[in-house]
Amino acid sequence: MTTTESQIEQDFIEKLQGLKYTYRPDIRDRAALERNFREKFEELNRVHLTDSEFHRLLDTLITPDVYTAARHLREKNSFERDDGTPLYYTLVNIKDWCKNSFEVVNQLRISTDYSHHRYDVLLLINGVPVVQIELKTLGLSPRRAMQQIVDYKNDPGNGYGKTLLCFLQLFIVSNRSDTWYFANNNTRHFSFNADERFLPLYQFAARDNSKITHLDDFADAFLAKCTLGQMISRYMVLVASEQKLLMMRPYQIYAVQAIVECIHRKSGNGYIWHTTGSGKTLTSFKASTLLKDNPDIDKCLFVVDRKDLDRQTREEFNKFQENCVEENTHTETLVRRLLSDDYADKVIVTTIQKLGLALDETNKRNYKARLEPLRNRRMVFIFDECHRSQFGENHKAIKEFFPNAQLFGFTGTPIFEQNASYQQIEGQQASYKTTADIFQQQLHAYTITHAIEDRNVLRFHVDYYKPEGKNKPKPGEALAKRAIVEAILAKHDAATNGRKFNALLATASIPDAIEYHALFKTVQAEKRASDPGFKPLNIACVFSPPAEGNQDVRQIQEDLPQERADNEQEPDKKKEALKAIIADYNAHYGANHDLGNFDLYYQDIQKRIKDQQWPNADLPHAQKIDITLVVDMLLTGFDSKYLNTLYVDKNLKYHGLIQAFSRTNRVLNDTKPYGNILDFRQQQDAVDTAIGLFSGEATKPPKEIWLVEPAAEVIRKYEAAVAGMAGFMENKNLVCEPEQVYNLKGDTARIEFVNRFKEVQRLKTQLDQYTDLEPEQKARIESILPRDQLLSFRSTYLETAKRLKEQQDKGGEQTPAEVQELDFEFVLFASAVIDYDYIMALIARYSQQTPDKQKMNRAQLIGLIQSDAKFLDERDDIAEYIDTLQAGKALDEKAIKAGYERFKAEKHARQLAAIAEKHHLDTAALQSFVDTILRRLVFDGDALSDLFAAEELGWKARTHKELALMEDLIPLLKKLAGGREISGLGAYEQ
């Protein structure tokens, strides 16, 4: 028998009482919540407020801005009393969060003008509601549970912005066996958008990364009073630049705790092995800032490499704490801050290069002698990436000068015995020591194996390219570059999901990158000449120029061994080639970069890769980069969710291989199932070795975790999913045809179709991005569900899902639980290639065809539009517009677009006139009312009442008429708003 929601709730409250929370059954409404808060506030701040003071205090505290409320909760604040004197107060004991009162309330009902929400369980710290727990019985997906809370928050009269609930920091969702949590945020960071990109959802985990999902275990591990206080005060980060709340992940918390404990015990140095993409910068930054309040530590230096500081890392640091890292500060500033006793100078962010200069006794500014007073102080050095090229000398200098220093390093790819002598240039011995030699002990590990299992990063699909012909190339052997360019052009659209994502091509040397750049131009020009329909790829190329004494370039090259070596040979040739490549880039993108400001060119390329953004409306394809040719650059430390493919024409090994592969596996959404690697050097042995070396402790063979299944296995699953859908339809006495879906009876059957077809499409999306499918495999995939039939099913899926989604959005007691739980993932059903411009061009081509030479008929054209989720709200309009056109009556794209806009305007005017007539209103007055709403994107209730003013109705009759009008008007308003939110409209949605 299923445990009821109320039983789960009762058991949970008993559990919290066992953890010494005080249960407050008397707090069931807003007034009781505020009374309790007042008592706790007065007791903490040793003050008695008058009623007017308390109400004014509430007015200053309650805000719809989550970020402002979060700051209020953590800071000392002031308030002017009735007699004009200031009252300095805190809402909770911020010095020792354990010493606050911890209470639990349930079934709190907050009634506001338009809302009667009930909240399952709330945890109060010192009377302030900080955690909301929503308990579910059925298998609600965590994403859907989160969306429900998002919907509650978007409800116009909700209590989140108008009551003490504005202080909520965390939401927890559990069905008892499965528990998830996430941070509260303002709408900008707390919404489900069309691309289905979500805020992070967390499962709690133990130190060894085993998941803690049962509600009782979660309560023990996360909700013990002091632990919860620490989670909120120490391990939530307020990101000032984005006005966002960020929750640290469990492994980040354990790493910080391990460093703090190691310092407390004075137990030597240590390193943290946290995989690429796991947020090492936040972890290390948090560790250094927590040490600020440790009286035993004199200084904490957070050390990064200058190259990183000038790019991503500086932005990251300044996101966590505004202006904490200045650009291009001098070594003199570092020395002054080291010698300063100012509390603000206790934690210093600096570069490994400046630290080296400060400890260099040959420096004429005499820095080292000036730092002598610090020699025996307790210093902590935290290295953001502990295997930079200069690290060996710096480590030695630090240890000699600061004998009492403790050093901590973060790395995504530790140096073990096996990879200690490997450097990217073949045959050159590196000066690496192992990570353990330098840092003594591993304090915490979160490997790529953990991250893949947690879905924090994606798995990899590795395609070892097999050229045609009998002689198979040997591992590491280079193929002809033209053959590689041809192969990339043939496979790129599949690899990148129709250019929705972008790619890197890792080349073996600067001359190779230059040659590839020229080859892509030549081959693409030939293809365009022979096929007018060929759409060329946008190719960029970046490598460092010869340094020629330029300190900036020299420092950039410290971690670019191949580029540094290449630039020593014929530097003028490299320079001229790079100038020509930059000129080419300027011409294509309308930029004005030059070699003198190489860094700006490099940053522009990074920005374009990151700004791939989709759909194309955000940024036209012409302004995007499809493939970036690189040598060493961008293969380490660079992150973009829109980069999913790495083409490899370069020998890689060990940490270099893992770092390069890891550029492709950042999580986005369901259209990016894995990181794609297309290797032209037959490096399977090197890949297997690297996976074995960096997998850490794995529960099953690491290759099964790291690599996606072979295509044959996914095809088998796809076939089974399609057969399952056919069996389901037959059980309903229906043929498995798209049009028969409309004959399904009842929500339960429609929901099953939605879930079954979603799985079919998910597997098809995965197969579409395999670059190593054999011709017979492609034929089999097509025979399982032919393309036209798949598109028709997609169309019926969208229509069915739209109906269920409308039902879900209305909510209320009448909506069945299974409808409420449905998670649609529309993004799976939208193509990057088929955007608005593409459709308009297709319609133009259709109008130019004579009936005897039709490539695409009317039904096919409409079917294509109706199978794409992007046109969910416009599909009927476009279909009706196509019906007004005559094939053979040639119109160009511009005329088609203008005609479509005119068609829509006329259709909407007719719809508005019909609504005006139905409700006995003047059409011009209603049109003016609608125009004002759309211009301001704010719904005006007074203007709505004015429409009926002439009728001189009583308020009851007028309200009845207003609601009847809005029922007809809301769908049109939403359509005309084109996805933009109209503030205040939700109050009229039933």
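What you see is a predicted model, and the numbers here were worked out from it, not measured in a lab.

Participant: Please explain the overall build of the protein as it appears in this structure.
Facilitator: A tally of regular secondary structure across the protein gives 38 helices and 24 strands. Across the 990 residues that make up the protein, the buried fraction comes to 55%. Look at the contacts in the protein between residues 6 or more apart in sequence, and 73% of them connect residues 24 or more apart. Just so you have it, the protein exposes about 43,600 Å², and 47% of that area is on carbon and sulfur atoms.

Participant: In this structure, what is going on with the pairing of strand β6 (residues 128-135)? I would like to understand it.
Facilitator: A regular strand places its side chains so that they alternate between the two faces of the sheet. Among the 8 residues that make up β6, 8 are buried, leaving the element largely enclosed by the rest of the structure. Inspection of the sheet shows β6 paired to strand β7 (residues 170-174) by 5 bridges, in the parallel sense. Bridge assignment links Val-131 to a residue of β7, and that residue is Leu-170.

Participant: Whenever I open this one, the packing of helix α36 (residues 923-936) against helix α38 (residues 955-977) confuses me. Can you help?
Facilitator: In a pair of packed helices, the angle between the axes and the distance between the axes together describe the arrangement. Closest axis-to-axis distance for the α36/α38 pair is 11 Å, and the angle between their directions is 45°. As the angle between them shows, α36 and α38 are arranged oblique. With respect to the hand of their crossing, α36 and α38 are arranged in right-handed fashion. Residues Leu-926, Phe-929, Val-930, Ile-933 and Leu-934 of α36 lie in contact with α38, whose contacting residues are Leu-969, Leu-973, Leu-976 and Ala-977.

Participant: I tried to follow the state of the cysteines on my own but got confused; where do I start?
Facilitator: Disulfides are covalent bonds that link the sulfur atoms of two cysteine residues. The final tally for this structure, using the stated rule, is 1 disulfide. Disulfide pairing is shown between Cys-98 and Cys-226; the S-S distance is 2.0 Å. Of this pair, Cys-98 sits in the loop between β3 (86-89) and β4 (102-111) while Cys-226 is found in helix α7 (residues 225-233), placing the two residues 128 residues apart along the sequence. Taking the relative accessible area as the measure of exposure, Cys-226 reaches 37% and is therefore partly exposed.

Participant: Would you explain the sheet that holds strand β23 (residues 643-649) in this entry?
Facilitator: Hydrogen bonds between backbone groups are what pair the strands of a sheet, and the pairing can be parallel or antiparallel. If you walk across this open sheet you meet the 6 strands as β19-β24-β23-β20-β22-β21, and the pairing is parallel. Lying at the two open borders of the sheet, with one neighbouring strand each, are β19 (460-464) and β21 (539-542). Going from strand to strand, the sheet's axes swing by 20° on average, the running direction of each strand aside. Where β19 meets strand β24 (residues 675-679), 5 bridges bridge the pair, whose relative direction is parallel. Note that in β24 the partner of His-461 across the bridge is Asn-676. The strands that helix α23 (residues 598-610) touches are β20 (502-507), β21, β22 (627-630) and β23; relative to β21, the one it contacts most, it runs at about 140°.

Participant: What is the right way to look at the confidence of the model for the protein in this model?
Facilitator: In low-pLDDT segments, the atomic positions of the prediction should not be examined closely. A residue-level look at the protein finds 88% of positions with pLDDT of 70 or above and a mean pLDDT of 84. Counted against residues more than four places away or in other chains, residues 426-430, with its pLDDT under 50, gives 8 contacts.

Participant: I would appreciate a short explanation of the side chain of Asp-747 in the present structure.
Facilitator: With respect to the element layout, Asp-747 can be found in helix α28 (residues 746-768). Of the residues examined, Asp-747 reaches a relative accessible area of 18% and is grouped as buried. Discounting residues that sit within four places of it in the chain, Asp-747 has contacts with Leu-804, Gln-807, Pro-816 and Val-819.

Participant: Could you clarify how one ought to interpret the pairing of β20 in this entry?
Facilitator: β20 sits mainly inside the fold: 6 of its 6 residues count as buried. Burial along β20 is two-sided: Asn-502, Leu-504 and Ala-506 and Ala-503, Leu-505 and Thr-507, pointing in opposite directions, are all buried. Strand direction decides the pairing type here: β20 and β23, joined by 6 bridges, are parallel. Looking across to β23, one finds that Leu-505 is bridged to Tyr-647. Where β20 meets β22, 4 bridges bridge the pair, whose relative direction is parallel. Bridge pairing in β22 links Leu-504 to Thr-628.

Participant: Help me understand the environment of His-55 in this model?
Facilitator: With respect to the helices, strands and loops of the structure, His-55 is situated in helix α3 (residues 51-61). Among the residues examined, His-55 registers a relative accessible area of 45% and is labelled partly exposed. It is 9.8 Å that separates the C-alpha atoms of His-55 and Glu-34, two residues lying 21 residues apart in sequence.

Rules of the game
- Residues numbered from 1 in each chain as written.
- Predicted model: local features only at pLDDT ≥ 70, side-chain atom pairs only at ≥ 80, totals over all residues.
- Heavy atoms only, no water.
- Helix = DSSP H or I, 4+ residues; strand = E, 2+ residues; numbered from the N terminus.
- Buried < 20%, exposed > 50% of the residue type's maximum accessible area, 1.4 Å probe, protein only.
- Contact = heavy atoms within 4.5 Å.
- Areas by Shrake-Rupley, 256 points an atom, 1.4 Å probe, with all protein chains shown as cover.
- Pairing = 2+ DSSP bridges.
- Axes fitted to C-alpha atoms, helices over the stretch in contact; angles between N-to-C directions.
- Parallel < 35°, antiparallel > 145°, perpendicular 65-115°, else oblique.
- Left-handed = near helix turned anticlockwise from the far one by under 90°.
- Disulfide = S-S within 2.5 Å.
- pLDDT = per-residue confidence, 0-100.

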